[in-house]
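Single-letter residue listing:
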Amino acid sequence: MMPIVIYLAMLEEKGISYIVLSSPASLGEAMEILYSEFGVRKISLQGGGIIDGAMLASGLLDGLSLVVYPGIDGLSTAPSIFEYLGAADERPAAGQSLELISAERRAYGVVWLRYKIHHK
C-alpha cells in the first residue's frame, strides 16, 4: 500500500488537484472547498453505501438515481445503498424524504428510478 505522502506527491507531480480534510466526516467542508476553489456547484456521487450514508447524514444529497437489476442472491451480508457508520441510535435520514420524479423501464427488466430528496 502506497503511503499517503508519496501518493499526494504523485498527484502534485501530475498536476492533479486534491483536498485534505480535517476529518473524514467533514464532507460539508469538502463541498465548500470544491465550490470556493474550483467553482463546483454539483457533483455526481458514484460511491458505495458508506460514502452514500455519510453524504445522506450530512444532508448533502439533493437527488437519488437508482438503477435496479432484477437479480437475487438472498445474502444478508450484501451492502445496502446507504450504510451509515454512526452510532446505532443516530438517524442519518432524519428530516429527509424522497419524492419519485420518474420511473423508467429498461431492457432485461432493469428499472431506473429517479428521486428528489427533500430536507425539512
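To be clear, the structure that these remarks concern was listed above.
Residues numbered from 1 in each chain as written. Predicted model: local features only at pLDDT ≥ 70, side-chain atom pairs only at ≥ 80, totals over all residues. Heavy atoms only, no water.

**A few points about a nonpolar patch on the surface**
The grouping of Met-2, Ile-4, Val-5, Ile-6 and Tyr-7 at the surface amounts to a nonpolar patch, some 510 Å² of accessible area in total. Within the element layout of this structure, Val-5 appears in helix α1 (residues 4–13). Assessed through its relative accessible area of 64%, Val-5 is described here as exposed. (Patch = residues over 30% accessible without salt bridge, like charges linked within 9 Å, V, L, I, M, F, W, Y side chains within 5 Å. Areas by Shrake-Rupley, 256 points an atom, 1.4 Å probe, with all protein chains shown as cover. Salt bridge = Lys/Arg side-chain N within 4 Å of Asp/Glu carboxyl O. Helix = DSSP H or I, 4+ residues; strand = E, 2+ residues; numbered from the N terminus. Buried < 20%, exposed > 50% of the residue type's maximum accessible area, 1.4 Å probe, protein only.)

**Remarks on the nonpolar core**
What tends to happen in soluble globular proteins is that the nonpolar side chains get buried as a cluster. With five residues, the main nonpolar core is built from Leu-27, Met-55, Leu-56, Leu-61 and Ile-117. In contact with Leu-56, not counting residues within four places along its chain, are Leu-61, Phe-82, Pro-92, Ala-93 and Gln-96. (Core = buried A, V, L, I, M, F, W, Y, C linked by side-chain atoms within 4.5 Å. Contact = heavy atoms within 4.5 Å.)

**Examining unusual backbone geometry**
Its identity is not glycine, yet Tyr-108 carries a phi of approximately 65°, on the positive side. Topologically, Tyr-108 is positioned in the loop between β2 (96–105) and β3 (111–119). Under the relative-accessibility criterion, Tyr-108 is labelled exposed at 74%.

**Concerning the sheet that holds β2**
Read across the open sheet, the three strands follow the order β1-β3-β2; overall the sheet is antiparallel. Whereas interior strands pair on both sides, the edge strands pair on one side only; in this sheet they are β1 (63–68) and β2. Within the sheet, the average angular offset between the axes of one strand and its neighbour, ignoring direction, is 20°. Pairing analysis gives nine bridges linking β2 to β3, with the strands arranged antiparallel. For Ala-103, the partnering residue across the bridge sits in β3 and is Leu-113. (Pairing = 2+ DSSP bridges. Axes fitted to C-alpha atoms, helices over the stretch in contact; angles between N-to-C directions.)

**As for helix α2 (residues 27–38)**
The end-to-end C-alpha distance of α2, which contains twelve residues, comes to 16 Å, matching closely the 16 Å that a straight helix rising 1.5 Å per residue would cover. One or two positions beyond α2, positive phi appears at Gly-39, with a value near 75°. (Expected span 1.5 Å × (residues − 1).)

**Some details on the side chain of Gln-96**
Note on placement: Gln-96 falls in strand β2. The residues contacting Gln-96, other than those within four sequence positions of it, are Leu-56, Gly-59, Ile-117, His-118 and His-119.

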